[in-house]
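# Commentary on secondary and tertiary structure
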Amino acid sequence: MFRYRLSEAAQGDVLDILAWTDEQFGEAARSRYESLTVAALRDLARQPDRPGSLARPELGVGVRSWHLRLSREHVKPGAGIVR
């Protein structure tokens, strides 16, 4: 598994997104979204260039993007589905 590190800015963005989700949709939705985010980070740590990831050279060398919906199948059972 590859090692990864989120920048402070990225960590702040994730926390802000989770806080906004909680405010707009409630704690249960925030928990589902958090579980999906963790699953996506684990997926990318295992295989950064996995099928479905897109090269994003306009953002920097080696930068890729990944849509969270592609990690839905890897969320722990019972966490719920983010739609």
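Given the structure is predicted, the values throughout are model-derived calculations rather than measurements.

## A look at the pattern of salt bridges
- Tallying each qualifying case throughout the model produces four salt bridges.
- A salt bridge links D22 to R30; the nearest nitrogen and oxygen atoms lie 3.5 Å apart.
- The exposure class of D22 is partly exposed, given its relative accessible area of 29%.
- Where E58 meets R56, a salt bridge forms, and the shortest distance between an N and an O atom there is 2.5 Å.

## Some thoughts on helix α1 (residues 8-25)
- End to end, α1 covers 25 Å across 18 residues, agreeing with the expected 26 Å (1.5 Å per residue, within 8%).
- One or two positions beyond α1, positive phi appears at G26, with a value near 100 degrees.

## A few points about the packing of α1 against helix α2 (residues 27-46)
- For the pair α1 and α2, the least separation of the axes is 7 Å and the interaxial angle reads 150 degrees. Looking at the two axes, α1 sits roughly antiparallel to α2. Remark: the crossing between α1 and α2 carries right-handed chirality. Residues V14, I17, L18, T21, D22 and F25 of α1 touch α2, and the partners they reach there are E27, A29, R30, Y33, E34 and T37.
- Tallied by class, the residues present in the contact of α1 with α2 amount to six nonpolar, two polar and four charged.

## Some points on the confidence of the model for the protein chain
- For the protein chain, per-residue confidence averages 89 on the pLDDT scale, and residues scoring 70 or more make up 93% of the total.
- Element-level mean pLDDT values for the protein chain span from 89 in strand β2 (residues 64-65) up to 96 in α1.

## Some points on the side chain of S53
- You can see S53 is positioned in the loop between α2 and β1 (54-55).
- In terms of polar contacts, S53 uses its side chain to reach the backbone carbonyl oxygen of P48, at 3.5 Å.
- In this structure the side chain of S53 is engaged in a polar contact, spanning 2.9 Å, whose partner is the backbone oxygen of R50.
- Among all residues touching S53, those that are not within four sequence positions of it are P48, R64, S65 and W66.

Reading guide: rules and limits
One numbering rule holds for all chains: residues counted from 1, following each sequence as written. Local features in this predicted model are restricted to residues whose pLDDT is 70 or higher, and side-chain atom pairs enter the listing and the counts only when it is 80 or higher, whereas totals over whole chains, interfaces and linings include all residues. Only heavy atoms go into the side-chain values, all of them from the structure, while hydrogens and water stay out. We define a salt bridge as a side-chain nitrogen of Lys or Arg found within 4 Å of a carboxyl oxygen belonging to Asp or Glu. Relative accessibility thresholds used throughout: buried, under 20% of the residue-type maximum; exposed, over 50%; partly exposed, between the two (1.4 Å probe, protein chains only). What counts as a helix is a DSSP run of H or I of at least four residues, what counts as a strand is a run of E of at least two, and both are numbered from the N terminus. For a helix, the expected span equals 1.5 Å multiplied by the residue count minus one. Think of each axis as a best-fit line through the C-alpha atoms, taken over the contacting stretch in the case of a helix, with angles from 0 to 180 degrees between the N-to-C directions. An angle below 35 degrees is treated as roughly parallel, one above 145 as roughly antiparallel, one from 65 to 115 as roughly perpendicular, and anything else as oblique. Handedness of a crossing is defined here by the sense of rotation of the near helix relative to the far one, left-handed for an anticlockwise turn of less than a right angle and right-handed for a clockwise turn. Any two residues whose heavy atoms approach within 4.5 Å at even a single point are treated as in contact. Gly counts as polar in this scheme, as do all residues outside two lists: the nonpolar Ala, Val, Leu, Ile, Met, Phe, Trp, Tyr, Cys and Pro, and the charged Asp, Glu, Lys and Arg. Along the chain, pLDDT gives the predictor's confidence residue by residue, from 0 to 100. Each polar contact in these results corresponds to two N or O atoms within 3.5 Å; when the atoms are within protein, one needs to be able to donate a hydrogen and the other to accept it, and residues that are neighboring in sequence are counted only if both atoms are side-chain atoms.

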